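Take a look at the letters that make up each chain.
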Amino acid sequence: MYLSVLGRLPLAVARALLAALRGRLGALCWSLAPLSLPLPLSLPGWRRVSAPSPAAPAGPRREREWDDAFPTPTSVNYHFTRQCNYKCGFCFHTAKTSFVLPLEEAKRGLAMLKEAGMEKINFSGGEPFLQDRGEFVGKLVQFCKQELKLPSVSIVSNGSLIRERWFKKYGEYLDILAISCDSFDENVNVLIGRGQGKKNHVENLHKLRQWCREYAVAFKINSVINRFNVEEDMNEQIKTLNPVRWKVFQCLLIEGENSGEDALREAEKFIISNQEFEQFLDRHKDISCLVPESNQKMRDSYLILDEYMRFLNCRNGRKEPSKSILDVGIEAAIKFSGFDEKMFLRRGGKYVWSKTDMKLDW
């Protein structure tokens, strides 16, 4: 009976219902586990973690080996476009193509990721709000929250193209909006490549902060620390803006993106030493929301999907793509991702990321 009902539903709705059913049955299995009852239940899309093959040794060691082979895509960064209206000199996901997946194909991939264990999706670029004036990313945000029921949906943007009407239409589905701001000196922003004519990047940042308050979206700031801002003191401005997180990245070189003969950027002049990065962190140690990320942490601890939904392996200093998850599935693609799940957890990659759990004073 249930299968006949599902057959009459739209595909996306049917997938969401199946995902919800799997979640409820999974919770039931865990609650019965202490009773040591035999639970042979299995559904398509479930990822077996602890069941070894008959010829393999049982016990914790085998379970760890299985997990290492196929890490769970708990948090995924989907760079669905490479196009951007800024020209940041250190950008490491540059505009080599204008390709963007059709909306329904992107939704199909996101549903696959949810079935494989994804809890958080972060949409990035390029600039996410360039595609269809923000409607594309808005529809994906709504799909992930409303139909897939993901605990956390976030966007990273330079903020220049976001309008209040977007918040009115899609704000309720978005948990976190992260705005890139590398300096509170507009002249430095222009040097970096975040200048856009007469618009003021810092003034726009404050406007977006206010909209996040009004539409109950958690506000986050991302800053890339580089040669032009490493001496800056940002304490006062960050405390005034009061983001839920201030992610501070050490400027990173990626061969073929912002470094090397076939790169569109030359980021070498932006690079700082580990010591200089630590000095910047020390100057801002009293900022409670500061989350520092060195080159080492960044390179291995992010699951990145490109515009074709291929996992990108950055371990060798380049972005080496897997096959698309749409073609080969999650497990076949993710084993080529270079993802270090332990480093992901060590850097604090999993945190309170649903706005319903943050209990914020908007």
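Our subject is the structure that appears above.
Heads up: these notes are all about the structure in this document. Per chain, the residues get numbers from 1 upward, laid out in the order the sequence is written. Since the coordinates come from a predicted model, pLDDT governs what is reported: local features require at least 70, and pairs of side-chain atoms require 80 or more to be given and counted, while whole-chain, interface and lining totals use all residues. Excluded from the side-chain calculation are hydrogens and water; included are all heavy atoms of the structure.

## Section: helix H10 (residues 274-283)
Inclusion rule: Think of it in three bands: residues with accessible area under 20% of the maximum for their type are buried, residues over 50% are exposed, and the middle band is partly exposed, with areas taken using a 1.4 Å probe on protein chains only. Helix and strand labels come from DSSP, where a helix needs a run of H or I of at least four residues and a strand needs a run of E of at least two; each type is numbered from the N terminus. The arc refers to the directions leading from the helix axis to the C-beta atoms. The contact criterion used is simple: two residues touch if any of their non-hydrogen atoms lie within 4.5 Å.
What H10 keeps buried is the set Glu 276, Phe 277, Phe 280 and Leu 281. Angular distribution of buried residues about the axis of H10 spans 140 degrees; they occupy a single face of the element. Summarising the geometry of H10, the exposed residues directed more than 90 degrees from the buried face are Asn 274 and Gln 275. Buried residues along H10 sit in contact with strand S5 (218-225), strand S6 (245-250) and strand S7 (290-293).

## Some thoughts on the environment of Met 234
When you line up the elements, Met 234 lands in the loop between S5 and helix H9 (235-241). Considered as a pair, Met 234 and Ile 287 are 53 residues apart in the sequence and their alpha carbons are 9.7 Å apart.

## Focus: the nonpolar core
For soluble globular proteins, nonpolar side chains are generally found buried alongside one another. Applied cut-off: Put simply, a nonpolar core is a bunch of buried Ala, Val, Leu, Ile, Met, Phe, Trp, Tyr and Cys residues held in one set by side-chain atoms that sit within 4.5 Å of each other.
Counting residues in hydrophobic clusters, the biggest one holds 67 residues, and the most contacted among them are Tyr 78, Leu 110, Ile 121, Phe 123 and Trp 246. For this core, the element with the most residues is helix H5 (residues 135-147), which contributes six residues. When neighbours within four sequence positions are excluded, Ile 121 is seen to be in contact with Val 76, Tyr 78, Leu 110, Cys 144, Leu 150, Ser 152, Val 153 and Ser 154. Formed by 17 residues, the second largest nonpolar core is a distinct cluster that contains Tyr 86, Cys 251, Ile 304 and Leu 312.

## What about the layout of surface pockets?
Just so we agree on the cut-off: Any residue with an atom within 4 Å of a point lines the site, the site being either a cavity, points on a 1 Å grid over the protein atoms alone where a 1.4 Å probe fits but cannot get out, or a pocket, an open set with protein on both sides within 12 Å along at least 5 of 7 lines. Grid points are joined across faces, edges and corners, and a volume is the space filled by probe spheres set on the points. For this classification, the nonpolar set comprises Ala, Val, Leu, Ile, Met, Phe, Trp, Tyr, Cys and Pro, the charged set comprises Asp, Glu, Lys and Arg, and every other residue, Gly included, is treated as polar.
For the second largest pocket, the calculated volume is near 1000 Å³. Every residue lining the second largest pocket is counted, 50 residues in all, and those nearest its centre are His 79, Phe 92, Ser 124, Val 156 and Asn 222. When contributions to the lining of the second largest pocket are tallied by element, the ones reaching two or more residues are strand S1 (75-79), strand S2 (120-124), strand S3 (152-157), strand S4 (176-180), S5, S6 and helix H11 (295-300). The greatest single-element share of the lining of the second largest pocket, amounting to four residues, is contributed by S1. Partitioned by chemical class, the residues of the lining of the second largest pocket number 22 nonpolar, 15 polar and 13 charged.

## Points about the packing of aromatic side chains
The line we're drawing: The criterion for an aromatic pair is that two Phe, Tyr or Trp rings (for Trp, the six-membered ring) have centres within 6.5 Å, with stacked assigned to planes under 30 degrees apart, edge-to-face to planes over 60 apart and tilted to the rest. Both a distance and an angle decide whether a charge sits over a ring: NZ of Lys or CZ of Arg must be within 6 Å of the ring centre and within 35 degrees of the ring normal.
Taken as a whole, this structure holds 15 aromatic pairs when the rule is applied. Their ring planes at 70 degrees and their centres at 5.1 Å tell us that Phe 129 and Trp 166 sit as a pair that is edge-to-face. One end of the pair, Phe 129, is in the loop between S2 and H5; the other, Trp 166, is in helix H6 (residues 164-170), with 37 residues separating them in the sequence. Residue classification places Phe 129 among the buried residues on the basis of a relative accessible area of 3%. Connected via pairs of aromatic rings, a cluster forms that spans Phe 129, Trp 166, Phe 167, Tyr 170, Trp 211 and Tyr 215. In this structure, Arg 245 is placed above the aromatic ring of Tyr 351, and the distance from its NZ or CZ to the ring centre is 3.6 Å.

## Here we look at the environment of Ala 116
On the secondary structure map, Ala 116 appears in the loop between helix H4 (103-115) and S2. Along the sequence, Ala 116 and Pro 73 sit 43 residues apart, while their C-alpha atoms lie 6.8 Å from each other.

These values are about where atoms sit, not about what they do.
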